[in-house]
Amino acid sequence: MEGSESTFPLGQSRSAWSFPSMPRRGSDLLFPVGEFRWYNVTDRWTLADIVPGETGDDANRKLSSILQFVFTPAPGNPTASWGGFQRCIERYGTDFSKKTHLTLYVRPTGSAFEGNLYIDLGDRISEDSYWLERVGDQLVRRANGELDTEDVNSDGILATTEDTGYDNLHSFEEPGYSSGSNPDPNEDDYSFNSSDPLSTRYDAINNLEGNGRLDTEDLNRNGVLDQNNTFFRIEVPLNDPDYIVSESPTGWLLIQIPLNDSTLVTVPEVSTGQPTWEKITYARVWVDGFTQEDTLEFYDMGLIGNRWEPNRISVFEDISVPVQPGESFTVSVVNNRQNPDYMNDPLQGSIPAQTRTAI
Ligand SMILES: [Ca+2]
Ligand SMILES: [Ca+2]
Ligand SMILES: [Ca+2]
Ligand SMILES: [Ca+2]
């Protein structure tokens, strides 16, 4: 039964994700947004660092797809403060009804262990994102109820004049601009230089002006700012052994959550309708509960299921032991990565075939 899982990756490329909308009902005072950034680190981890016992050909090759998320909670109310990132998975929705688990490798540091990690999945997640907007003299990270887009002529194509950030102003048009002392008044210029020191290297990597992309809040490209919420919320426990499948010496956790776990998978108050797994359009990854700046790293985040359909199992009336009330038979998938105690078929001849037990 190895290799029979089908996986839908949520994606771990920086550019696949955008600024998030507010994940809870509430005011910015009660639930203040923090500062955050996300980006790919390419020279830090190998597969063997992440997956205990990995010995394949690529085990010691550096991975290029680790998604690192740094969150700095708001100083006034750090543990209530939130941050995250979100995306459209598939603009008309994709069917997860055959999926059974959320799976991800995650590596928390510091106060992230005590924080909360959530993954929201649904047909509708508000597109009205929190971005650093000029309000009078101040720059405020907030959502404004309007569709913010660089695509001023709505043709879906990036014109050279459109790569301005959501303020629709080039830096030299922003209030207070001075080429020497204030070159980016609205603080939305993209920059990345791999030779910069780590402490500042990623500070402007999520900024939208000059990033070479046509950015828009209209993630599903339907021409409007969708503000409805109909989604499932999956709480990802970072310290509950019931859900931690493996832990590497370098601190990477493999966590799997059954989608039918009613404790961790809920429909939150902010959701206005009953979501369905048959149509998932958006994903939002977010945190709260941090007490200070800390980091979460992600690898292989996705939905898994297996190709057997539980309801197609039939009972051989004559030869089987009758199924007792409360008993059920389910088919699940094992592999040597996510089930470290599972061994492949023994070497031929080591066990007489007729005594083998099906796994
Ligand atoms: Ca907006
Ligand atoms: Ca700008
Ligand atoms: Ca842009
Ligand atoms: Ca839209």
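What you are looking at is a predicted structure, and each value in this text was computed from that prediction instead of being measured.

(A) Representation of the pairing of strand β10 (residues 244–247). Pairing between β10 and strand β11 (residues 253–258): three bridges, direction antiparallel. Opposite isoleucine 244, over in β11, you have isoleucine 255 as the bridge partner. Joining the antiparallel neighbours β10 and β11 is a turn of five residues, in which glycine 251 adopts a positive phi near 95 degrees.

(B) Representation of the sheet that holds strand β6 (residues 116–124) within the structure. Strand order in the open sheet made by the five strands is β4-β13-β6-β9-β12, with antiparallel pairing throughout. For this open sheet the edge positions go to β4 (83–88) and β12 (265–266), each flanked by a neighbour on one side alone. Judged from the two bridges that link them, strand β9 (residues 230–236) and β12 form a sheet pairing that is antiparallel. Bridge pairing in β12 links arginine 233 to threonine 266.

(C) Focus on the nonpolar core. Counting residues in each nonpolar core, the largest one holds 57 residues, and the members touching the most others are Tyr105, Val106, Ile255 and Phe298. Leaving out residues up to four positions away in the same chain, phenylalanine 298 has contacts with Gln12, Leu67, Phe69, Leu104 and Val106.

(D) Geometry of the pairing of strand β5 (residues 99–108). Of all 10 residues in β5, 10 are buried; the element is thus mostly enclosed. As paired elements, β5 and strand β14 (residues 294–306) share eight bridges and run antiparallel to each other. The partner of proline 108 across the bridge, within β14, is leucine 296. Inspection of the sheet shows β5 paired to β11 by six bridges, in the antiparallel sense. Counted as the bridge partner of threonine 103 is glutamine 256 from β11.

What counts, and where the lines are drawn
Residues numbered from 1 in each chain as written. Chains lettered and ligands numbered in written order. Predicted model: local features only at pLDDT ≥ 70, side-chain atom pairs only at ≥ 80, totals over all residues. Pairing = 2+ DSSP bridges. Helix = DSSP H or I, 4+ residues; strand = E, 2+ residues; numbered from the N terminus. Core = buried A, V, L, I, M, F, W, Y, C linked by C-beta atoms within 7 Å. Buried ≥ 20, exposed ≤ 12 C-beta atoms within 10 Å, placed from the backbone. Contact = placed C-beta atoms within 7 Å.

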